[in-house]
Amino acid sequence: MSSPRVLFVCHTGSISGAELVLIDLVRPWAGQSALLFEDGPLHAALSACGLNVAISRWGNGLNDVRRDSSFAKVVPVVSAMYGIVAEVARFARRHDVVYANSQKAFVLSAIAAKLVRRPLIWHLHDIISPAHFGSMQRRVQVLLANHCTARVVVPSKAAADAFIAEGGRKDLVAIVPNGLDIAPEAQSPAEIRRELNLPQGALVGVFSRLAEWKGQHVVLEALANTPGVSCIIAGSALFGEEAYEQRLRQMVRDLALGERVHFLGQRSDVPRLMRAVDAVIHPSIDPEPFGRTLVEAMLADVPVIATDAGAASDILEGGRAGTLVPPGDAVALAQAIAGVMLRSPEHVKQIEYAAARARSHYGVAQMLDATSRLIRQAAGEKA
Ligand code: UDP
């Protein structure tokens, strides 16, 4: 059959990990369409990939729906949801497959795709668990997934297991690890530090949006026990976590870390920053569905210290490609930081092993092969 017509649906216009995956994933689908529930930098990024991007007329009405919303809080936005379902349905009619890239996008696309009888793929970038979703949301997601999707794409076994544990159908699940394509950084760490005015001496980095479950506060606690080590924190409160950012800044004052901790805000040069640090820390306190930052650090030839939750253990091969510490344990994290600063021959070998593993397991080409095959299969089912 000729190339299927695909409609990508995304609830946000901001760019965090899931949207960075989408930007790579749409590469073979230039000329196809995307519908975003709100405008933002993702609009330009997808347009640059050759997609025709439309912004929902109704998306702003959804802003009150947070992941922990009770059903009662959802009721006032029902009209916006109704509007979006009608919009997705109208777009979907002109396409062969609907590809939903987020939980909100999925729930509304599921109803729309069912109405106009289009196969739906849900790219589930989350761990479906009580830590992230209320019980009503979990039930609705799984019910809709089981009845309305052609496939549920997840980035890891951890995400697949969580979906199945909540009652999701195993036969729908396709594990497609996130793929990353990052050119090696030519400049030396010292040059990058000089150019970007980064601290000299022992330096670690944390690279993710500011959110409590991402665990930046644990890093600050650990730094209180690792004198002489500075830290850059890249990322911003993308999804309404401003109070957490204030808490982090207050912690820096309370722990007298002002000289050593540098908040860099949202950055677009993460691979370069990673290359400049002595270790990348991935401190999430809840299980991660994937963790692009882990693979980025592996590709940057930098030691990785990650919490042993969710997909991190798989990506770091149980500790062979990085150091695993228990989630939320600032003492263990401080010890691990002190350990990697020694740059023992074992650590040097681990860095080499990690880079080779990232290249062989987490390339964009593998991700594109797998997702393109799933899209074509779904389109075939429609025919
Ligand atoms: N990131 C970025 N700028 C920042 C902080 C983070 O571009 O200032 C990127 C980071 O490099 C990674 C992504 O955001 O590619 C985060 O993905 P991850 O899977 O680690 O977490 P998610 O945001 O999906 O929960």
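In what follows, the structure referred to is the one given above.
Computed from a predicted model, the values in this text were never measured in an experiment. (Residues numbered from 1 in each chain as written. Predicted model: local features only at pLDDT ≥ 70, side-chain atom pairs only at ≥ 80, totals over all residues. Heavy atoms only, no water.)

Participant: How would you summarise the overall build of the chain if you had to cite specific residues and measurements?
Facilitator: Across its full length, the chain carries 16 helices and 13 strands. A compact globule built from 383 residues should have a C-alpha radius of gyration of about 21 Å, and the chain, at 21 Å, falls within 12% of that. Expressed along its principal axes, the backbone C-alpha trace of the chain runs to roughly 60 × 45 × 40 Å. Relative to its 383 residues, the chain shows a buried fraction of 56%. Considering only contacts within the chain whose residues lie at least 6 apart along the sequence, 68% involve residues at least 24 apart. (Helix = DSSP H or I, 4+ residues; strand = E, 2+ residues; numbered from the N terminus. Rg over C-alpha atoms; globule rule 2.2 N^0.38 Å. Buried < 20%, exposed > 50% of the residue type's maximum accessible area, 1.4 Å probe, protein only. Contact = heavy atoms within 4.5 Å.)

Participant: With reference to specific residues and values, describe the site of the ligand.
Facilitator: Contacts to the ligand come from 18 residues, most closely from Gly 17, Lys 214, Arg 267, Arg 292 and Glu 296. Between an oxygen atom of the ligand and a side-chain N or O atom of Lys 214, the distance comes to 2.6 Å. Residue Arg 292 places a main-chain N or O atom 2.9 Å away from an oxygen atom belonging to the ligand. Within the complex, the protein chains bury 89% of what would otherwise be the 550 Å² of accessible surface of the ligand. Of all the elements in the fold, those that place two or more residues in the shell around the ligand are helix H1 (17-25) and helix H12 (292-299). Of the residues assigned to the shell around the ligand, the class counts are five nonpolar, eight polar and five charged. (Near = heavy atom within 4 Å. Polar contact = N/O pair within 3.5 Å; in protein donor to acceptor, adjacent residues only side chain to side chain. Areas by Shrake-Rupley, 256 points an atom, 1.4 Å probe, with all protein chains shown as cover. Nonpolar A, V, L, I, M, F, W, Y, C, P; charged D, E, K, R; others polar.)

Participant: Before we move on, could you go through the pairing of strand S10 (residues 261-265) and cite the residues and values that matter?
Facilitator: Note that strand S9 (residues 230-234) and S10 share four bridges and pair parallel. Pairing of Cys 231 across the sheet is with Val 261, part of S10. Handedness of the crossover joining S9 and S10 through helix H10 (residues 242-254): right-handed. (Pairing = 2+ DSSP bridges. Right-handed = clockwise from strand over helix to strand, strands pointing away.)

Participant: Run through the sheet that holds strand S13 (residues 323-325), naming residues and quoting values.
Facilitator: Taken in spatial order, the six strands of this open sheet run S10-S9-S8-S11-S12-S13, and their pairing is parallel. Two strands lie at the open edges of the sheet, namely S10 and S13, each paired on one side alone. Taken over all neighbouring pairs, the strand axes of this sheet differ in orientation by 20° on average, direction set aside. Judged from the three bridges that link them, strand S8 (residues 203-207) and strand S11 (residues 279-282) form a sheet pairing that is parallel. When the bridges of S11 are listed, Gly 205 appears paired with Val 280. (Axes fitted to C-alpha atoms, helices over the stretch in contact; angles between N-to-C directions.)

Participant: I'd like a description of the side chain of Gln 32, backed by residues and values.
Facilitator: Tracing the sequence through the fold places Gln 32 in the loop between H1 and strand S2 (33-36). There is a polar contact of 2.8 Å between the side chain of Gln 32 and the backbone nitrogen of Val 6. With residues near it in sequence (within four places) discarded, Gln 32 still touches Pro 4, Arg 5, Val 6, Gly 50, Leu 51, Asn 52 and His 95.

Participant: Please provide a residue-by-residue account of the sheet that holds strand S6 (residues 151-154), values included.
Facilitator: Taken together, seven strands build an open sheet; the order of strands is S3-S2-S1-S4-S5-S6-S7 and the sheet is parallel. Every interior strand has two partners, whereas the edge strands, strand S3 (52-55) and strand S7 (173-175), have only one. Within the sheet, the average angular offset between the axes of one strand and its neighbour, ignoring direction, is 20°. Of the strand pairs in this sheet, strand S1 (residues 6-10) and strand S4 (residues 97-100) are connected by four bridges, and their pairing is parallel. Within S4, the position partnered with Phe 8 by the bridge is Tyr 99. On top of the sheet, H1 reaches S1, S4 and strand S5 (120-123); it is set at about 165° to S1, its chief contact.

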